[in-house]
Amino acid sequence: CPGVAFMVFGVFFINLGLAANNIIDKYSIVYFLFYIPLIFVQYKTIKYFFILKNKFNTNEILTSLMLVYVALLILDFLVELAESQTILFLGLQYMA
């Protein structure tokens, strides 16, 4: 599920990327402030999981697969955007 993956990668980024390299102090206020967006996304993921599950009357596996598919589409768009020299938005071309 994308929300769970975001939480896992966020924890790795905070602990191994920031705290282990002494960019922030572990268990400081800044350390816990970095967790706020992760907890928010986790909450929204659980909320939308149950909304989709009830709306389409599907099981948990199918709902998780739908969320993963949407996350992959967004990630693919962001990767293509980062690799390209031009940005295509609504059919308009902008130079990066």
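Conventions used here
Residues numbered from 1 in each chain as written. Predicted model: local features only at pLDDT ≥ 70, side-chain atom pairs only at ≥ 80, totals over all residues. Heavy atoms only, no water. 1 Å grid on protein atoms, 1.4 Å probe; cavity = no way out; pocket = protein on both sides within 12 Å on 5 of 7 lines; lining within 4 Å. Points joined across faces, edges and corners; volume = space filled by probe spheres on them. Helix = DSSP H or I, 4+ residues; strand = E, 2+ residues; numbered from the N terminus. Expected span 1.5 Å × (residues − 1). Buried < 20%, exposed > 50% of the residue type's maximum accessible area, 1.4 Å probe, protein only. Arc of directions from axis to C-beta. Core = buried A, V, L, I, M, F, W, Y, C linked by side-chain atoms within 4.5 Å. Contact = heavy atoms within 4.5 Å.

Below, the discussion takes up the layout of surface pockets. By volume, the largest pocket amounts to about 520 Å³. Lining the largest pocket are 17 residues, with Pro 2, Gly 3, Phe 6, Leu 67 and Ala 71 positioned closest to its centre. Put simply, the parts of the chain that give the lining of the largest pocket at least two residues each are helix H1 (2-19), helix H3 (35-56) and helix H4 (60-83). When residues of the lining of the largest pocket are assigned to their parent elements, the largest contribution, eight residues, is made by H4.

The terminal C-alpha atoms of H3, which comprises 22 residues, lie 32 Å apart, in line with the 32 Å expected from a rise of 1.5 Å per residue. Listing the buried residues of H3 in full gives Tyr 35, Leu 38, Thr 45 and Phe 49. Projected onto a plane normal to the axis of H3, the buried residues spread over an arc of 70° and lie on a single side. In this structure, H3 carries Ile 36, Phe 40, Tyr 43, Asn 54 and Lys 55 as exposed residues pointing more than 90 degrees from its buried face. Positive phi shows up at Asn 57, right after H3, with a value of about 50°.

For Ser 64, the location among the structural elements is in helix H4. Counting along the chain gives 19 residues from Ser 64 to Thr 45, while the straight-line C-alpha distance between them is 10.0 Å.

So, about the nonpolar core. Grouped together as the largest cluster of nonpolar side chains are seven residues: Ile 14, Leu 18, Ala 19, Ile 24, Tyr 31, Tyr 35 and Leu 38. If you list the elements that add at least two residues to this core, you get H1 and H3. Ranked by residue count, the leading element in this core is H1, at three residues. When near neighbours in sequence (up to four residues on either side) are disregarded, Leu 18 contacts Phe 13, Ile 23, Ile 24 and Phe 34.

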